[in-house]
Amino acid sequence: MEKKSRSSFSGQLGFIMAAAGSAVGLGNIWRFPYLAAKDGGGVFIVCYLVLALTFGFALLTTEIAIGRKTRQSPLTAYKKLDKHWGIIGVLACLVPTIILPYYCSIGGWVFKYLSIYVTGQGAAAAQDGFFTDYITSTSQPLIWMLIYFAITAFIIICGVEKGIEKYSKILMPILVVLVIGISLFSLTLNYTDTEGVTRTGLQGLKVYLVPDFTGMTVKQFFIIVMDAMGQLFFSISVAMGIMVAYGSYARKETNLMTSINQIEIFDTAIALLAGLMIIPAVFVFMGMDGMSAGPGLIFVSLPKVFAAMGGFGGIVGLVFFLIVSFAAVTSSVSVMEAIVSSLMDAFHLSRKKSSVIVAAYTLVLGVIVCLGYNALYFEFTLPNGTVGQILDIMDYISNNCLMPLVAFLTCILVGWVIKPETIIEEVTQGKYKFQRKGLYIVMIKFVAPALLLVLLLQSVGLF
Ligand code: PFF
């Protein structure tokens, strides 16, 4: 039941920008640098690059091709491929449904920090306890989450070409220029601390990039590989229906292989540059101690780094949070689109109606996520041993459990039921070449499902 009026991106560039806009998000700027810092810099980066070129490439190709082949959004696409496998669509649609409310809450934090630097109050954000005081307050996080979500919903209501594509084409090039600018600036930094030790940006670069295997146990290496794989999922927006939805808007004349390569290069380059912006700067002003800040790296450590830069720090902070805002908005737009388009296809709803339904539940859940740090605060120990609040529980269910499961089932469906040739055929439409065909088949049939199973078992605490 293919609708003739299905929206599409205007061309290859529009598709690449939108997909790169989705891929480049909080994952690249907030998550990648703190994982790289935690996992010994270079070792993590090498693992990540190898996985991106093999495992990431296979999953991204599969999802985009499924979307374009079926011309359906995730909820109905898998059913169209094989009527017994519609469950993957339901699970794939559940992932963005869980993610959207909490992604918007984090987006609200980012907007709050942007407003702080716009109004020249960077010094306040550098105070100890600022971030905790902020997220545990009642009304402010709610207001910023609402503003953030309103912008996301506005872009979705504008449509595929006039909303998603148009804003990605504006925001992504600006983001690239700003990221390169701040990364270069980060390398020029130097600082002498109270003990008289001088550290430079170039020394920080070495900490970030040079692999250091000294004293590393097999178990530690295994954890780094699993971290890199989990990060890759998060980063290229697979296993949550997004790339199926975006693939369904790609025109038949679009060269999928070239597009996929460019999306991957874009996403990986921005993640590497984000580390380059952040890690040398944190090293210069806080030394190795600053590296272990974890998820608080950009909200807790960076404001201190900006404050230590003196007068210039306010501007750097502003540009930095502008970058994060652009990256986050183009990603939450894609998360919302995966759900909105699914409702449109499955229940034949208009874009507006579908958006209103998604907005209503997102706001309710978004409020609950924000209240999880104050009125509804509790501590919960997750099966992988970490202690978290509502946001962490939702993140755990979607990222640690459902995403590996969706990707695993997709590999089985494509590798063994409909066969890799179905995907290869779609990608080579219009006589385009499928590079790394042999690698693709081996990955989708054997290596990716095996790795995913290990990741899933590790996530649920069985490893
Ligand atoms: N790939 C985007 C990012 O890196 O932030 C979008 C995204 C990924 C959103 C994973 C949500 C998510 F759980």
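Note: the structure precedes this text.
Residues numbered from 1 in each chain as written. Predicted model: local features only at pLDDT ≥ 70, side-chain atom pairs only at ≥ 80, totals over all residues. Heavy atoms only, no water.

With that out of the way, let us pick up the overall build of the chain. The number of helices and strands found in the chain is 19 helices and four strands. Computed over C-alpha atoms, the radius of gyration of the chain comes to 21 Å, within 12% of the 23 Å expected from 2.2 N^0.38 for 463 residues, which places it in the range of a compact globule. Summarising its shape, the C-alpha atoms of the chain cover approximately 70 × 50 × 40 Å along the three principal directions. By the burial criterion, 60% of the 463 residues in the chain qualify as buried. (Helix = DSSP H or I, 4+ residues; strand = E, 2+ residues; numbered from the N terminus. Rg over C-alpha atoms; globule rule 2.2 N^0.38 Å. Buried < 20%, exposed > 50% of the residue type's maximum accessible area, 1.4 Å probe, protein only.)

In this structure the tally under the stated criterion is two cavities of 30 Å³ or more. In this structure, the largest cavity spans a volume of roughly 130 Å³. Lining the largest cavity are 16 residues, with Tyr 103, Phe 234, Ser 237, Met 240 and Ser 331 positioned closest to its centre. Of all the elements in the fold, those that place two or more residues in the lining of the largest cavity are α1 (12-23), α2 (26-38), α5 (86-118), α11 (218-236) and α15 (313-347). (1 Å grid on protein atoms, 1.4 Å probe; cavity = no way out; pocket = protein on both sides within 12 Å on 5 of 7 lines; lining within 4 Å. Points joined across faces, edges and corners; volume = space filled by probe spheres on them.)

Considered as a void within the structure, the largest pocket measures approximately 1200 Å³ in volume. Lining the largest pocket are 43 residues, with Arg 31, Tyr 34, Pro 295, Thr 386 and Asp 395 positioned closest to its centre. Listed by contribution, the elements that provide at least two residues to the lining of the largest pocket are α2, α5, α7 (130-135), α11, α14 (297-308), β4 (387-388), α17 (390-417) and α19 (437-459). Class assignment for the residues of the lining of the largest pocket results in 24 nonpolar, 14 polar and five charged. Counted as a void, the second largest pocket has a volume near 300 Å³. Surrounding the second largest pocket, 18 residues form its lining, Ala 37, Lys 38, Asp 39, Gly 40 and Gly 41 being those nearest its centre. Taken together, the elements giving at least two residues each to the lining of the second largest pocket come down to α2, α10 (201-209) and α11. (Nonpolar A, V, L, I, M, F, W, Y, C, P; charged D, E, K, R; others polar.)

Contacts to the ligand come from 16 residues, most closely from Gly 27, Ile 99, Tyr 103, Phe 234 and Ser 237. Within the backbone of Leu 26, a nitrogen or oxygen atom sits 3.0 Å from an oxygen atom of the ligand. Separating a nitrogen atom of the ligand from a backbone N or O atom of Ser 235 is a distance of 3.0 Å. Across the complex, the protein chains shield 100% of the 330 Å² of accessible surface that the ligand would expose by itself. (Near = heavy atom within 4 Å. Polar contact = N/O pair within 3.5 Å; in protein donor to acceptor, adjacent residues only side chain to side chain. Areas by Shrake-Rupley, 256 points an atom, 1.4 Å probe, with all protein chains shown as cover.)

What follows concerns the packing of aromatic side chains. Across all of its chains, the model carries 28 aromatic pairs by this definition. Residues Trp 109 and Phe 131 carry aromatic rings whose centres are separated by 5.3 Å and whose planes lie at 80° to one another, so their mutual orientation is edge-to-face. With Trp 109 in helix α5 and Phe 131 in helix α7, this residue pair connects regions lying 22 residues apart in the sequence. Clustering of aromatic rings is evident, with ring pairs tying together Trp 109, Tyr 113, Tyr 117, Phe 130, Phe 131, Phe 299, Phe 306, Phe 320, Phe 321 and Tyr 373. When the ring centre of Phe 234 is taken as reference, the NZ or CZ atom of Arg 31 above it lies at 4.6 Å. (Phe/Tyr/Trp six-rings, centres within 6.5 Å; stacked < 30°, edge-to-face > 60°. Lys NZ or Arg CZ within 6 Å of the ring centre and 35° of its normal.)

Another point: α1. Taking 1.5 Å of rise per residue, the 12 residues of α1 would be expected to cover 16 Å, and the 16 Å separating its terminal C-alpha atoms lies within 8% of that figure. Of all 12 residues that make up α1, 10 are buried, and the element is covered over most of its length. Three or more residues of α1 are buried, namely Gly 14, Phe 15, Ile 16, Met 17, Ala 18, Ala 19, Ala 20, Gly 21, Ser 22 and Ala 23. (Expected span 1.5 Å × (residues − 1).)

Further remarks concern the nonpolar core. Core analysis: the biggest nonpolar cluster contains 163 residues, and Phe 55, Phe 233, Phe 299, Phe 320 and Phe 321 have the highest contact counts within it. Beyond its immediate sequence surroundings of up to four residues, Phe 299 is in contact with Trp 30, Ile 106, Trp 109, Val 110, Tyr 113, Phe 131 and Phe 321. (Core = buried A, V, L, I, M, F, W, Y, C linked by side-chain atoms within 4.5 Å. Contact = heavy atoms within 4.5 Å.)

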